[in-house]
Amino acid sequence: MASASIETAAAAKAASKERGRPDRFAPNYWPFVIPALIVISAVIVFPWVFTLWMSVNSWTLGQSQIFAGLDNYARLAVDMRFWESLWHTVLYTVLSVAAPLFLGTLAALIFDAQFPLRGLLRGIFVMPMMATPVAIALVWTMMFHPQLGVLNYLLSFIGIGPQEWIYNQSSVIPSLVLVETWQWTPLVMLIVLGGLAAVPREPYESAEIDGANVWQKFRYLTLPMITPFLMIAVIIRSIDAVKSFDIIYAMTQGGPGTASETINIYLYNTAFAYYDIGYGSAMAVVFFILIVLLSFVLLMVRQRANWSNAEGR
């Protein structure tokens, strides 16, 4: 028994030494991770570090770079054109989220019903979101033309006079929102349709037995159950609308005057039209912080919506 115990202890000691010894043939995943780290550093990390560095410098393209500290950020605080562009961005974002959310939800409720050619009509309805933004901007610019545009021609049939659309300061943002709504309502519809497909049918049968009408079933059954999906649509549309650039620039370049100049347009003009790289970089940093804060708030609201939905169940 004593010899067996000694042999067992010796074997355990040898195994312990073997486990402590590094294994030359252990799998090493770093060769696969390093290329991704290099790409992320080159595409994301370095541009942002360089932007932060430029934002604390006074640098006009073609001139020497001078360290300015926080002067560019202080300049933003008193720049009325920046605050005007911020207001335009907020107004454009709110309208570009609210209109597709309402119309997309309505379209989802319609297409969720059973009727002939439903699949074909769904396919036709989602076609606008497949078009490129520049092509959309060119087509809608021609449609908005005060004299030759088809929209004013159609309005004449119902007795409405010609509108100036994107050529008037008071109507340019609603006109741009109309284009945004036309393109992205199908996305909201698809998201809400996914939510409607996951909704159980048993509560509706019970509601019908209790005599609930269409509005009551939507208000007390459908809407609470699809609220998480609506919040997903709000998050996606909010982030996309707040950074919208291509359609606005292709249609108005921020005009007439500065009536449709959002932060993106003002930032682009500052950096690449006026060549004030330092001030444009400071504006980009502030804009990035605003987007991060907006995303955080929207995610918190979505989480609360999920909790409320879970408590309701």
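A few points on the structure. Nothing here was measured: the structure is a model prediction, and the numbers come from that model. Along every chain, residues carry numbers that run from 1 in the direction the sequence is written. Local features in this predicted model are restricted to residues of pLDDT 70 or higher, and side-chain atom pairs are both shown and tallied only at a pLDDT of 80 or more, whereas totals for entire chains, interfaces and linings draw on every residue. Excluding hydrogens and water, the side-chain figures rest on all heavy atoms present in the structure.

A rise of 1.5 Å per residue sets the reference length of helix H4 (residues 80–112), with its 33 residues, at 48 Å; its end C-alpha atoms lie 47 Å apart and thus fit the reference within 8%. Polar contacts, as counted here, are pairs of nitrogen or oxygen atoms within 3.5 Å of one another; within protein the pair requires one atom able to donate a hydrogen and one able to accept it, and residues that are adjacent in sequence qualify only if both atoms are side-chain atoms. Working definition: helices are DSSP H or I runs of at least four residues, strands are E runs of at least two. Numbering for both runs from the N terminus. Near the N-terminus of H4, the side chain that reaches the backbone nitrogen of Arg81, with its oxygen 3.1 Å away, is that of Asp79. Multiplying 1.5 Å by the helix residue count minus one yields the expected span of that helix.

This part is about the packing of aromatic side chains. Between rings of Phe, Tyr and Trp, where Trp is taken as its six-membered ring, a pair exists when centres lie within 6.5 Å; planes separated by under 30 degrees are stacked, by over 60 edge-to-face, and by other angles tilted. Applying the stated criterion across every chain yields a total of 15 aromatic pairs. Look at Trp48 and Phe288: their rings are 4.3 Å apart centre to centre, the planes differ by 45°, and that puts the pair in the tilted class. Remark: Phe288 occurs in helix H13 (residues 277–312) and Trp48 occurs in helix H2 (residues 30–55); sequence separation between them is 240 residues. A ring pair is formed by Tyr153 and Phe157, whose centres lie 5.0 Å apart and whose planes are at 85°; its orientation type is edge-to-face. Joined through ring pairs, the aromatic side chains of Trp140, Phe144, Trp165 and Trp182 make up one cluster. Counted as over-ring charges are cases with an Arg CZ or a Lys NZ within 6 Å of the ring centre that also lie within 35 degrees of the ring normal. The ring of Tyr279 has Arg75 sitting right over it, with the charged end atom 3.7 Å from the ring centre. Here the guanidinium or amino end of Arg201 rests over the ring plane of Tyr204, the centre of that ring lying 5.9 Å away.

Turning our attention to unusual backbone geometry. Trans peptide bonds make up the majority, and among non-glycine residues the majority have a negative phi. Following Gly255, the chain continues to Pro256 via a peptide bond in cis, the omega torsion being -5°. Positionally, Pro256 belongs in the loop between helix H11 (246–251) and helix H12 (263–273). Positioned with a positive phi, Leu117 is a non-glycine residue whose angle comes to about 60°. Here Leu117 shows up in the loop between H4 and helix H5 (118–125). The phi dihedral of Tyr275 falls on the positive side, at around 60°, and the residue is not glycine. One can find Tyr275 in the loop between H12 and H13. Here the term buried applies to any residue with accessible area under 20% of the maximum for its type, exposed to any over 50%, and partly exposed to those in between, with areas from a 1.4 Å probe on protein chains only. Of the residues examined, Tyr275 reaches a relative accessible area of 42% and is grouped as partly exposed.

What follows concerns the pattern of salt bridges. The term salt bridge refers to a side-chain nitrogen of Lys or Arg lying within 4 Å of a carboxyl oxygen of Asp or Glu. Enumeration according to the criterion identifies seven salt bridges in this entry. Across the pair Asp276 and Arg75 runs a salt bridge, and its minimum N-O distance is 2.9 Å. With a gap of 201 residues between them, Asp276 in the loop between H12 and H13 and Arg75 in helix H3 (residues 71–77) connect regions that are remote in the sequence. Accessibility expressed as a relative area gives 39% for Arg75, which makes it partly exposed. In this structure, Glu180 and Arg237 form a salt bridge, with 3.1 Å as the shortest nitrogen-oxygen distance. Here Glu180 is found in helix H8 (residues 172–197), whereas its partner Arg237 is found in helix H10 (residues 214–242), with 57 residues between them in sequence. Salt bridges linked by common partners bring Glu180, Arg237, Asp240 and Lys243 together as one network.

What follows concerns the packing of H8 against H10. All axes here are fitted lines through C-alpha atoms, helices being fitted over the stretch that makes contact, and every angle between N-to-C directions spans 0 to 180 degrees. In the contact formed by H8 and H10, the axes pass within 9 Å of each other and the chain directions differ by 145°. Like other packed secondary-structure pairs, H8 and H10 cross with a definite hand, here right-handed. Between H8, through Glu180, Trp184, Leu187, Val188, Ile191, Val192, Gly194, Gly195 and Leu196, and H10, the contact on the second element is made entirely by Thr222, Ile226, Phe229, Leu230, Ile232, Ala233, Ile236, Arg237, Asp240 and Ala241. When residue character is reported, Ala, Val, Leu, Ile, Met, Phe, Trp, Tyr, Cys and Pro are called nonpolar, Asp, Glu, Lys and Arg charged, and the others, Gly included, polar. Among the residues making up the contact of H8 with H10, the classes are represented as 13 nonpolar, three polar and three charged. By the definition used in this description, the sense in which the near helix is turned from the far one sets the handedness, with an anticlockwise turn below a right angle giving left-handed and a clockwise turn giving right-handed. Any two residues having at least one pair of non-hydrogen atoms within 4.5 Å are treated as being in contact.

No statement about biological role is implied by the geometric values presented.
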